[in-house]
Amino acid sequence: MLAACTLFSDMILVDEQTGEILHTMEGAGWECCLSKCGRWVICFCLEESSLKLYDTISGAFMRATYGSNKSNGDLRRGCFADDNRRIICAGQRFVEMLDLWSDTVIWHTALSVWYTSTLITSGDGKLVAVEGSTDTVHIMSARDGLMLAELAKGVDFRGVTFANSGLELVMVYQAHLRVVCTQTWEDLRCMPLDKRYSEAFVVSPCSKWFVGMNRYNKVCLIDLTTGALRPLQDQSCHDCKINCLCPLQSVVTFICFTADGKGIVTGHRNGYYKLWDAQTGVMIVEKDLECTVTSVDCSVGTALQDLLLAFAMGQHERLGANSATTMLNANAEELVLECVVGICK
């Protein structure tokens, strides 16, 4: 389906499977986030300290938010909540959830973090992790902003990500991985990590594998359950068949999995977008975007949402923007199917 890439201050939407550029948004910002249904994309604009919302079907700019009046214009990060109708924003000393269209404050939580470098949500949409200029990773409830845990980073901390639909938190260090249970906040296990492989990292959709890339463009795959490296051509994991990728030719700036978990998308300093087969390590797509890729995100919606997005994109001119928007924003499956059946008739 869709992949969004930022090239410093500009954003482009590309076809995930072919690399074909669908839309270009000049001046959008330098870090993007797609909604899980792939219908919307927000981009953080550093110069304006704002989040800009775009329509992925038409590429049109919809609106900008600068956070609530409690944020004092110090917005620094943003991502979609699980229902695609709300966004979570972070900035200097705060995290808050806003209505996507009205900026109505759902909740607002004050923090001691002066600069926010990481803002992520768990796969089940229940947890929010914030990390920045302090020595602590803050974990909050996405429902009401209640602080659930504050975990010390420790020495040589590199980043954090969720696994196992939010049941586990993976804290990445220069030479090891620390897996924490999000129910008890106790360490489940600790496993070694070659310090060269913590430049860019991602957890597979099946939550079985940690994939780390180094500045020399090689890949390390670690089983998050056992800590073992997976051998080449191992076919034992049927839900996420990943083997080591070939060394890449340019420094990797961002990495993410495709929605189906079958591919790995990499963004590069030399401006290339590349899609790799996660099973064989063979490069499928290579596209020169002609500028350093500063972020990459792929839509991770359900098969039904992906089907509807493809249908609406194909029928957009025939249906009109309002009909397509109504269909894609419907949360109830019955209403969605009713719309499709009515349109097909």
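Above this text you will find the structure in question.
Reading guide: rules and limits
Residues numbered from 1 in each chain as written. Predicted model: local features only at pLDDT ≥ 70, side-chain atom pairs only at ≥ 80, totals over all residues. Heavy atoms only, no water. Helix = DSSP H or I, 4+ residues; strand = E, 2+ residues; numbered from the N terminus. Buried < 20%, exposed > 50% of the residue type's maximum accessible area, 1.4 Å probe, protein only. Areas by Shrake-Rupley, 256 points an atom, 1.4 Å probe, with all protein chains shown as cover. Phe/Tyr/Trp six-rings, centres within 6.5 Å; stacked < 30°, edge-to-face > 60°. Lys NZ or Arg CZ within 6 Å of the ring centre and 35° of its normal. Polar contact = N/O pair within 3.5 Å; in protein donor to acceptor, adjacent residues only side chain to side chain. Contact = heavy atoms within 4.5 Å. Pairing = 2+ DSSP bridges. Axes fitted to C-alpha atoms, helices over the stretch in contact; angles between N-to-C directions. Core = buried A, V, L, I, M, F, W, Y, C linked by side-chain atoms within 4.5 Å. Salt bridge = Lys/Arg side-chain N within 4 Å of Asp/Glu carboxyl O.

1. Considerations on the overall build of the protein chain
The helix and strand tally for the protein chain stands at three helices and 27 strands. Across the 345 residues that make up the protein chain, the buried fraction comes to 54%. Just so you have it, the protein chain exposes about 15200 Å², and 50% of that area is on carbon and sulfur atoms.

2. Observations concerning the packing of aromatic side chains
Per the counting criterion, the structure on display carries five aromatic pairs. On the numbers, 5.1 Å between centres and 80° between planes, the contact of Trp40 with Trp101 is edge-to-face. Taken together, the positions of Trp40 in strand E5 (residues 40-45) and Trp101 in the loop between strand E10 (94-99) and strand E11 (105-110) put the pair 61 residues apart, joining distant regions of the chain. Where Phe157 meets Tyr173, the ring centres are 5.6 Å apart and the plane angle is 80°; that geometry is what we call edge-to-face. Of this pair, Phe157 sits in strand E16 (residues 157-163) while Tyr173 sits in strand E17 (residues 168-173), and the two are 16 residues apart along the sequence. Residue class for Phe157 comes out buried when judged on its relative accessible area of 16%. Given a relative accessible area of 3%, Tyr173 falls into the buried group. The residue whose ring lies beneath Arg39 is Trp40, and the NZ or CZ to ring-centre distance is 4.2 Å.

3. Notes on the side chain of His23
Positionally, His23 belongs in strand E3 (residues 21-25). Looking at His23, its side chain comes within polar contact range of the main-chain oxygen of Ile57, at 3.0 Å. Contacts of His23, omitting those with residues within four sequence positions, involve Met11, Ile12, Leu13, Thr56, Ile57, Ser58 and Gly59.

4. Topic: the sheet that holds E11
Read from one edge of the open sheet, four strands run E8-E9-E10-E11, paired in antiparallel fashion. Two strands in the sheet have a free side with no partner beyond their single neighbour: strand E8 (75-80) and E11. Strand-to-strand, the axes of this sheet are offset by a mean angle of 15°, without reference to chain direction. In terms of strand pairing, E8 meets strand E9 (residues 86-91) through five bridges, oriented antiparallel. Note on E9: the bridge partner recorded for Cys79 is Ile88.

5. Overview of the environment of Ala142
Position of Ala142 among the secondary structure elements: in the loop between strand E14 (136-141) and strand E15 (147-152). With a relative accessible area of 8%, Ala142 lands in the buried category. Sequence separation between Ala142 and Ala129 is 13 residues, and the spatial gap between their C-alpha atoms is 9.4 Å.

6. Considerations on the nonpolar core
By size, the foremost hydrophobic cluster in this structure holds 27 residues, and its most contacted members are Phe80, Ile87, Ile88, Val95, Leu119, Val128 and Val130. Apart from the residues within four sequence positions on either side, Phe80 is in contact with Cys33, Leu34, Ser35, Trp40, Val41, Ile42, Leu53, Arg86, Ile87, Leu100 and Thr121. In this structure, Ile12, Val14, Val265 and Leu275 belong to the second largest nonpolar core, which totals 14 residues.

7. Regarding the pairing of strand E13 (residues 127-132)
Within E13, six of the six residues are buried, which leaves the element mostly enclosed by the surrounding structure. Relative to E13, strand E12 (residues 116-121) is paired through five bridges, and the arrangement is antiparallel. When the sheet's bridge partners are listed, Ile120 is paired in E13 with Ala129. The turn joining E12 and E13, which pair antiparallel and follow one another in sequence, is formed by five residues; a positive phi near 75° is taken by Gly125. With five bridges joining them, E13 and E14 adopt antiparallel strand pairing. Paired with Leu127 across the bridge in E14 is Ser141. Between E13 and the antiparallel strand that follows it, E14, lie three residues.

8. Here we look at the side chain of Glu96
If you trace the backbone, Glu96 turns up in strand E10. Separated by 2.7 Å, the side chains of Glu96 and His108 make a polar contact. Each residue touching Glu96, except ones within four places of it in the same chain, is listed here: Gly67, Ser68, Ser71, Ile87, Ile88, Cys89, Trp107 and His108.

9. Quick word on the pattern of salt bridges
Oppositely charged side chains are able to pair whenever their charged atoms sit close together. In this structure the tally under the stated criterion is nine salt bridges. Salt-bridge contacts for Lys208 lead to Asp223; the nearest nitrogen and oxygen are separated by 3.0 Å. Taken as a pair, Lys208 in the loop between strand E20 (200-203) and strand E21 (209-213) and Asp223 in strand E22 (residues 219-223) lie far apart in primary sequence, 15 residues in all. Given a relative accessible area of 26%, Lys208 falls into the partly exposed group. Residue classification places Asp223 among the buried positions, given a relative accessible area of 7%. Where Lys274 meets Glu286, a salt bridge forms, and the shortest distance between an N and an O atom there is 3.6 Å. Note that Lys274 is positioned in strand E25 (residues 272-277) and Glu286 in strand E26 (residues 283-288), a separation of 12 residues in sequence.

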